[in-house]
Amino acid sequence: MTDLKTVAFDIETTGFATTDQLTVVGFDAAISSRVFLNTGGRTSPPKLEQRLNEELQTPITLSLHDSEAALLEAMTEFVGSTLADQEVKLVAYNGDTWNGGFDLPFLRTRLTVHNLGWPFAELPYVEVLDIFESRFNTTGDTLDGVYEELIGAGLGDLDPFTDSAAAVTAWENGNFEQLVLHNVADIRRTRALMELAERYCSKSDFSMKSLDPVVN
């Protein structure tokens, strides 16, 4: 399992209802992050990617999209052209658990709304939350809480929000810079926790599953 490189995944949305939409989708690997931003047709700050990279030690590639559908189409193309042919595993924190999760169920719904195919068919998936619930003793179970308790340095300072609900308000107000920084902090915390777990846990402690659907 550790032979597969980790790509961490996280989304931001306008809420939790089936009618809400994606605002940001981010992927993080060791050398860089790839982030997709739905501007809702609004104008973003000039040189947004450049400004963000001035704040980050590891660079990001950011693309701007006028709608959720355009974001999903670009994300699907990226997964197919960049991730599907590599020896990688997709990981997320509360992304797809045995009783639900958030990121992948939300994404499935939004892809269905736009009549787009499932992009992750070639990728194995590991749920990061499961390993920390079962193999570590922590006082909380949130991504930022577990990260601060076990690692503690660096990415908490990067995140401009103390509450993920602030990401909804940021998108509504067009505060795209802070919204993207929040997403980058989350995908990098997720990957850091996965790497921590791989240093302390055996292969049998991880549950890896295929994201290949029954019908392609």
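Rules behind the numbers
- Residues numbered from 1 in each chain as written.
- Predicted model: local features only at pLDDT ≥ 70, side-chain atom pairs only at ≥ 80, totals over all residues.
- Heavy atoms only, no water.
- Helix = DSSP H or I, 4+ residues; strand = E, 2+ residues; numbered from the N terminus.
- Rg over C-alpha atoms; globule rule 2.2 N^0.38 Å.
- Lys, Arg positive; Asp, Glu negative; His and termini not counted.
- Charge placed at Lys NZ, Arg CZ, Asp CG, Glu CD.
- Buried < 20%, exposed > 50% of the residue type's maximum accessible area, 1.4 Å probe, protein only.
- Patch = residues over 30% accessible without salt bridge, like charges linked within 9 Å, V, L, I, M, F, W, Y side chains within 5 Å.
- Areas by Shrake-Rupley, 256 points an atom, 1.4 Å probe, with all protein chains shown as cover.
- Salt bridge = Lys/Arg side-chain N within 4 Å of Asp/Glu carboxyl O.
- 1 Å grid on protein atoms, 1.4 Å probe; cavity = no way out; pocket = protein on both sides within 12 Å on 5 of 7 lines; lining within 4 Å.
- Points joined across faces, edges and corners; volume = space filled by probe spheres on them.
- Nonpolar A, V, L, I, M, F, W, Y, C, P; charged D, E, K, R; others polar.
- Axes fitted to C-alpha atoms, helices over the stretch in contact; angles between N-to-C directions.
- Parallel < 35°, antiparallel > 145°, perpendicular 65-115°, else oblique.
- Left-handed = near helix turned anticlockwise from the far one by under 90°.
- Contact = heavy atoms within 4.5 Å.

**Here's the deal with the overall build of the chain**
Check the secondary structure of the chain and you find eight helices and seven strands. The C-alpha radius of gyration computed for the chain amounts to 16 Å, which stays within 12% of the reference 17 Å derived for 216 residues, consistent with globular compactness. Across the chain, 15 positive and 34 negative side-chain charges occur, with their mean positions spaced 4 Å apart.

**Observations regarding unusual backbone geometry**
Residues other than glycine seldom take positive phi values, yet Asn94 does so here, at roughly 60°. Note that Asn94 resides in the loop between strand S5 (88-92) and helix H3 (103-113). Using a relative accessible area of 29% as the deciding quantity, one classes Asn94 as partly exposed. Within the chain, Asn115 stands out as a residue other than glycine whose phi angle is a positive 55°. Examined against the element boundaries, Asn115 turns out to sit in the loop between H3 and strand S6 (124-127).

**Digging into a negative patch on the surface**
A cluster of like negative charges, contributed by Asp144, Glu148, Asp157 and Asp163, occupies part of the molecular surface. Structurally, Asp157 is set in helix H6 (residues 155-158). Of the residues examined, Asp157 reaches a relative accessible area of 71% and is grouped as exposed.

**Quick look at the layout of surface pockets**
There is about 670 Å³ of room inside the largest pocket. Around the largest pocket sit 27 residues that line it, and Asp10, Phe102, Ser164, His182 and Asp186 are the ones nearest its centre. For the lining of the largest pocket, the secondary structure elements donating two or more residues are strand S1 (5-13), helix H5 (143-150), helix H7 (166-172) and helix H8 (176-200). The leading source of residues in the lining of the largest pocket is S1, at four residues. Here the residues of the lining of the largest pocket sort into 10 nonpolar, eight polar and nine charged. Estimated volume of the second largest pocket: approximately 390 Å³. Secondary-structure elements contributing two or more residues to the lining of the second largest pocket are S1, strand S3 (33-38), helix H2 (68-83) and H8. Residue classes in the lining of the second largest pocket are distributed as eight nonpolar, six polar and five charged.

**Section: the packing of H5 against H8**
Put simply, H5 and H8 touch, their axes get as near as 10 Å, and they point 50° apart. As the angle between them shows, H5 and H8 are arranged oblique. Crossing geometry of H5 relative to H8 is assigned as left-handed. When H5 is examined against H8, the residues Leu143, Asp144, Val146, Tyr147 and Leu150 are found in contact with a partner set consisting of Asp186, Arg189, Thr190, Ala192, Leu193 and Leu196. Per-class residue counts for the contact of H5 with H8 are seven nonpolar, one polar and three charged.

**Focus: the environment of Ala121**
Within the secondary structure, Ala121 is located in the loop between H3 and S6. On the accessibility criterion, Ala121 (16% relative accessible area) is buried. Between the alpha carbons of Ala121 and Ala153 there is a distance of 35 Å; along the sequence they are 32 residues apart. Beyond its immediate stretch of four places on either side in the chain, Ala121 contacts Leu211, Asp212, Pro213 and Asn216.

**Considerations on the packing of helix H4 (residues 128-135) against H8**
Close contact between H4 and H8 brings their axes to 10 Å; oriented N to C, the two are set at 50°. Taken together, the axes of H4 and H8 are oblique relative to one another. Crossing of H4 over H8 shows left-handed handedness. Mapping the contact onto sequence places Val128, Ile131 and Phe132 in H4 and Thr190, Leu193, Met194, Leu196 and Ala197 in H8. Of the residues assigned to the contact of H4 with H8, the class counts are seven nonpolar, one polar and no charged.

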